[in-house]
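Here is what each chain is made of, one letter per residue.
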Amino acid sequence: METSENRLSAGRAIWAGVLGVVAAVAVGHLVAGLLDGNASPLIAVGNTAIDLTPAPVKDWAIATFGTADKIVLLTGMGVVLLGVAAVAGLLSRRSPAPGTVLAVVVGALGLIAVMVRPDLGQLAILAPLASLFAGVGVFRLMHRLARPPMESADRRKFLRTSAGVAAGVGLAGLGGQLLGNRTDVEASRAAVGALKPAQPAPPMPPSADFVPRTPRFITSNRDFYRIDTALSVPKVLAEDWVLRIHGAVDKELTLRFADIRRMPLVERTVTLTCVSNEVGGDLISTSNFIGVPLKDILADAGVKPGADQLFSTSADGWTCGTPVADIMQRGLLAIGMNGEPLPVEHGFPARMVVPGLYGYVSATKWVVDMEFNRFGDKDPYWLTRGWAQRGPIKTQSRIDSPRGSAKAGKVTVAGIAWAQPRGVAKVEVRVDGRDWVTARLATEVNPDTWRMWEADVDLAPGERTVECRATDRTGYVQTDAIALPAPDGATGWHSVRLSVS
Ligand SMILES: Nc1nc2c(c(=O)[nH]1)N[C@H]1C(S)=C(S)[C@@H](COP(=O)(O)O)O[C@H]1N2
Ligand SMILES: [Mo]
């Protein structure tokens, strides 16, 4: 019985573990805030987890959570950490040793994650080290104060210390958050100011969309879909940005943001699409991108004839392989979207945009390095995870309305179709597998964008299935063969089931 009297109560043991873990995360966040927000061990572990996650799981996460995947991951990590903390506490009711060992193991994970991040300097390890000391220190302190027998004065001391530590932890976390945002990338964006292209995109025809049945032709910057592997967005200031162009070129180039600003800016309306987009999915958006044709930038470098791959790298170490032929025909180094500098999540200060190719092989955000070589010389991020080397966009279409239910009688079905850079020539709709009806097409903006359509169909009461298919300007009819997004883009007809009454 004597031993059990020396044991911490389960509640206090769990509390010591939880407070230790929360202190570790908050102090790591604070020190990272002083150095580099991405040095925060939680963020570094998350980013490393993203890179190490088996491709099928990652594909599933993107398909299931889409743009919320990052919040889901952070929440999941938080839950796991709290679980580990509770277990560590419970294992340590007799002695703090098991919890300390577990803390060191978790701390070591944070340390390794920070060390292997490609975008962090040497000093960054101070953040996980601080985490480790704070976590172990707080855990052992709380453990000591909770050791029985506890008089009421001991209980008060335990509570007081808990409150004090909790307050300190809150301040540390908040401080880290404020300091981390101190790299004022928004100030840098504001300093760039509104972008006026020398060669604006042609004005948008009013008949380019069928709002409200379809999305608005131009997606607002806020609504533009977002896909990337960055748990916390790289913060690159325009004034610090440097783009290195090298490899199979006659002359290496180093460009700064001011160099780009001195060049005449063009504006191109382009629809960006993600290879992970499922049939009927929403990983597709359209913007007026502002930038400089890559062909103009590369004229000074002189790309050698043998080079067929542009291997680009982002500030956070993501890589991408793009066919040089596409780069020369349609590639843009974009610095703006819809008149504004690129939003930070969409690649500020500069990204690539190459119409006709899925984003994973063309649209490097926060781009800092462009190397010319041959396909196979170097394999980019998603190729090493099982996706295809080439990613031309497939001819596809989607029904936007109605969805779910409809009133019987004449119903207008509407949606989008895309086949960048070929352009959409025709869209057809059918009900319950009967004859195809040709849809009315909205005015074409350019072949590198989606095209809206609508068609009137007669719907009888009951359960109805409506399908659509597009034909592109090469005459190719969208296939009904079902393919999953991996490895090079989903196919199949989008079909919606409607309860008609
Ligand atoms: N640096 C970086 N650039 C990236 C990615 C990434 O993970 N990191 N993802 C690519 C993918 S898969 C797509 S679909 C597009 C999405 O661009 P958006 O987030 O601006 O819509 O960015 C591409 N560029
Ligand atoms: Mo993507």
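In this text the structure is predicted, and so the values were computed from the model without any measurement.

1. Some details on the UniProt feature "transmembrane region" (unreviewed entry) in the chain
Move 1: Per the UniProt record, "transmembrane region" (unreviewed entry) is annotated on residues 12-32, 71-91, 98-116, 122-142 and 163-180.
Move 2: Between the C-alpha atoms that bound residues 98-116 there is a distance of 27 Å. The span itself is 100% helix and 0% strand.

2. Details of the nonpolar core
Move 1: Within the largest apolar cluster, 76 residues are counted, with the highest numbers of intra-cluster contacts made by Ile245, Phe289, Leu333 and Met370.
Move 2: A total of five residues in this core trace back to one element, the largest contributor, which is strand S7 (residues 332-337).
Move 3: Sequence-distant contacts of Met370, defined by excluding residues within four places in its chain, comprise Leu243, Arg244, Ile245, His246, Leu294, Leu310, Phe311, Ser312, Leu333 and Met352.
Move 4: If you look at the next biggest cluster of nonpolar residues, it comprises 21 residues, including Val413, Val427, Ala455 and Val500.

3. A word on the pattern of salt bridges
Move 1: Taken as a whole, this structure holds 27 salt bridges when the rule is applied.
Move 2: Asp456 serves as the salt-bridge partner of Lys410, at 3.9 Å between the closest nitrogen and oxygen. Here Lys410, found in strand S13 (residues 409-418), pairs with Asp456, found in strand S17 (residues 451-459); they are 46 residues apart in sequence, far enough to count as distant.
Move 3: A salt bridge links Glu428 to Arg469, with the shortest nitrogen-to-oxygen separation between them at 2.8 Å. Placement of the pair is Glu428 in strand S14 (residues 424-431) and Arg469 in strand S18 (residues 462-472), with a sequence separation of 41 residues. Arg469 shares its class with Glu428; the two are buried.

4. Focus on the UniProt feature "domain: Oxidoreductase molybdopterin-binding" (unreviewed entry) in the chain
Move 1: Residues annotated in UniProt with the feature "domain: Oxidoreductase molybdopterin-binding" (unreviewed entry) correspond here to residues 231-375.
Move 2: Between the first and last C-alpha atoms of residues 231-375 the distance is 29 Å; the span itself is 13% helix and 39% strand.

5. Regarding helix H4 (residues 55-65)
Move 1: Taken together, the buried positions of H4 are Ala55, Lys58, Asp59, Ala61 and Ile62. Relative to the axis of H4, the buried residues are bounded by an arc of 160° and lie together on one face.
Move 2: Residues of H4 that are buried sit in contact with helix H3 (41-52) and helix H5 (69-91).
Move 3: Positive backbone phi, at 55°, marks Gly66, one or two positions downstream of H4.

6. Considerations on a positive patch on the surface
Move 1: Taken together, the side chains of Arg144, Arg156, Lys157 and Arg160 present a region of like positive charge at the surface.
Move 2: When residues of the positive patch are assigned to their parent elements, the largest contribution, three residues, is made by helix H8 (residues 152-180).
Move 3: Turning to its location among the elements, Arg156 is positioned in helix H8.

7. Focus: unusual backbone geometry
Move 1: The amide bond that connects Ser401 to the next residue, Pro402, takes the cis arrangement and shows omega of -5°.
Move 2: Along the chain, the position of Pro402 falls in the loop between strand S11 (396-401) and strand S12 (404-406).
Move 3: Backbone torsion omega between Gln420 and Pro421 reads 0°, so that peptide bond is classified as cis.
Move 4: Counting through the fold element by element, Pro421 comes out in the loop between S13 and S14.

8. Some words on the pairing of S7
Move 1: Most of S7 is tucked away, with six of its six residues classed as buried.
Move 2: In the sheet, strand S4 (residues 284-293) pairs with S7 via five bridges, with the strands oriented antiparallel. Of the residues in S7, the one forming a bridge with Gly291 is Ala334.
Move 3: Pairing of S7 with strand S9 (residues 351-353), which is carried by three bridges, proceeds in the antiparallel orientation. When the sheet's bridge partners are listed, Ala334 is paired in S9 with Arg351.
Move 4: Relative to strand S8 (residues 340-341), S7 is paired through two bridges, and the arrangement is antiparallel. Bridge pairing links Gly336 to Pro341 in S8.
Move 5: What sits between S7 and S8 in their antiparallel hairpin is a turn of two residues, with Asn338 showing a positive phi close to 50°.

9. Overview of the sheet that holds S11
Move 1: The strand order across the open sheet formed by four strands is S11-S13-S17-S16, and the pairing between neighbours is antiparallel. Edge positions in the sheet fall to S11 and strand S16 (440-441), since each of these pairs with one other strand and no more.
Move 2: As judged from the nine bridges shared by S13 and S17, these two strands associate in the antiparallel manner. Paired with Val411 across the bridge in S17 is Val457.

10. Considerations on the packing of aromatic side chains
In this description, an aromatic ring pair is defined by two values, namely the gap between the centres and the angle between the planes.
Move 1: Taken as a whole and judged by the stated rule, the model has nine aromatic pairs.
Move 2: Plain terms: the ring middles of Trp241 and Phe257 are 6.3 Å apart, the flat faces sit at 85° to each other, and that makes the pair edge-to-face. One end of the pair, Trp241, is in the loop between helix H9 (185-192) and strand S1 (242-247); the other, Phe257, is in helix H10 (residues 257-262), with 16 residues separating them in the sequence. Each of the two residues, Trp241 as well as Phe257, counts as buried.
Move 3: One aromatic cluster is present, built from ring pairs that chain together Tyr360, Tyr381, Trp382 and Trp387.
Move 4: Of note, Arg12 hangs over the ring of Phe158, and the distance from its end group to the ring centre comes to 5.8 Å.
Move 5: The side chain of Arg385 reaches across the aromatic face of Tyr381, ending 3.6 Å from its centre.

11. Describing the site of ligand 1
Move 1: The immediate surroundings of ligand 1 are formed by 19 residues, with Tyr225, His346, Arg351, Ala363 and Lys365 found nearest.
Move 2: Taken by itself ligand 1 offers 530 Å² of open surface, and the protein chains cover 99% of this.

12. Some points on the side chain of Ser232
Move 1: With respect to the secondary-structure elements, Ser232 resides in the loop between H9 and S1.
Move 2: When its relative accessible area of 18% is taken as the criterion, Ser232 is described as buried.
Move 3: Those residues within four positions of Ser232 in sequence are excluded, and the remaining contacts are Asn38, Ile43 and Asn47.

13. Details of the domain arrangement of the chain
Move 1: Looking at the chain, the domain boundaries give domain 1 (4-180), domain 2 (192-385) and domain 3 (396-500).
Move 2: The interface is formed by 18 residues belonging to domain 1 together with 17 residues belonging to domain 2.
Move 3: Regarding the contact of domain 1 and domain 2, the summed buried area is about 1500 Å², with carbon and sulfur atoms giving 58% of it.
Move 4: Counting the contacts that link domain 1 with domain 2 gives one salt bridge.
Move 5: The shortest N-O distance in the salt bridge between Asp228 and Lys70 comes to 3.3 Å.
Move 6: Joining domain 1 to domain 2, the criterion identifies six residue pairs in polar contact (both at pLDDT 80 or more).
Move 7: Elements represented by at least two residues in the side of domain 1 that touches domain 2 include exactly H3, H4 and H5.
Move 8: Looking at the side of domain 1 that touches domain 2 residue by residue, the classes come out as eight nonpolar, five polar and five charged.

The rules behind these values
- Residues numbered from 1 in each chain as written.
- Chains lettered and ligands numbered in written order.
- Predicted model: local features only at pLDDT ≥ 70, side-chain atom pairs only at ≥ 80, totals over all residues.
- Heavy atoms only, no water.
- UniProt positions renumbered as here; feature names shortened; annotations may be inferred.
- Helix = DSSP H or I, 4+ residues; strand = E, 2+ residues; numbered from the N terminus.
- Core = buried A, V, L, I, M, F, W, Y, C linked by side-chain atoms within 4.5 Å.
- Buried < 20%, exposed > 50% of the residue type's maximum accessible area, 1.4 Å probe, protein only.
- Contact = heavy atoms within 4.5 Å.
- Salt bridge = Lys/Arg side-chain N within 4 Å of Asp/Glu carboxyl O.
- Arc of directions from axis to C-beta.
- Patch = residues over 30% accessible without salt bridge, like charges linked within 9 Å, V, L, I, M, F, W, Y side chains within 5 Å.
- Areas by Shrake-Rupley, 256 points an atom, 1.4 Å probe, with all protein chains shown as cover.
- Lys, Arg positive; Asp, Glu negative; His and termini not counted.
- Charge placed at Lys NZ, Arg CZ, Asp CG, Glu CD.
- Pairing = 2+ DSSP bridges.
- Phe/Tyr/Trp six-rings, centres within 6.5 Å; stacked < 30°, edge-to-face > 60°.
- Lys NZ or Arg CZ within 6 Å of the ring centre and 35° of its normal.
- Near = heavy atom within 4 Å.
- Domains from an automatic or database assignment.
- Buried area = accessible area lost by both parts, 1.4 Å probe.
- Polar contact = N/O pair within 3.5 Å; in protein donor to acceptor, adjacent residues only side chain to side chain.
- Nonpolar A, V, L, I, M, F, W, Y, C, P; charged D, E, K, R; others polar.

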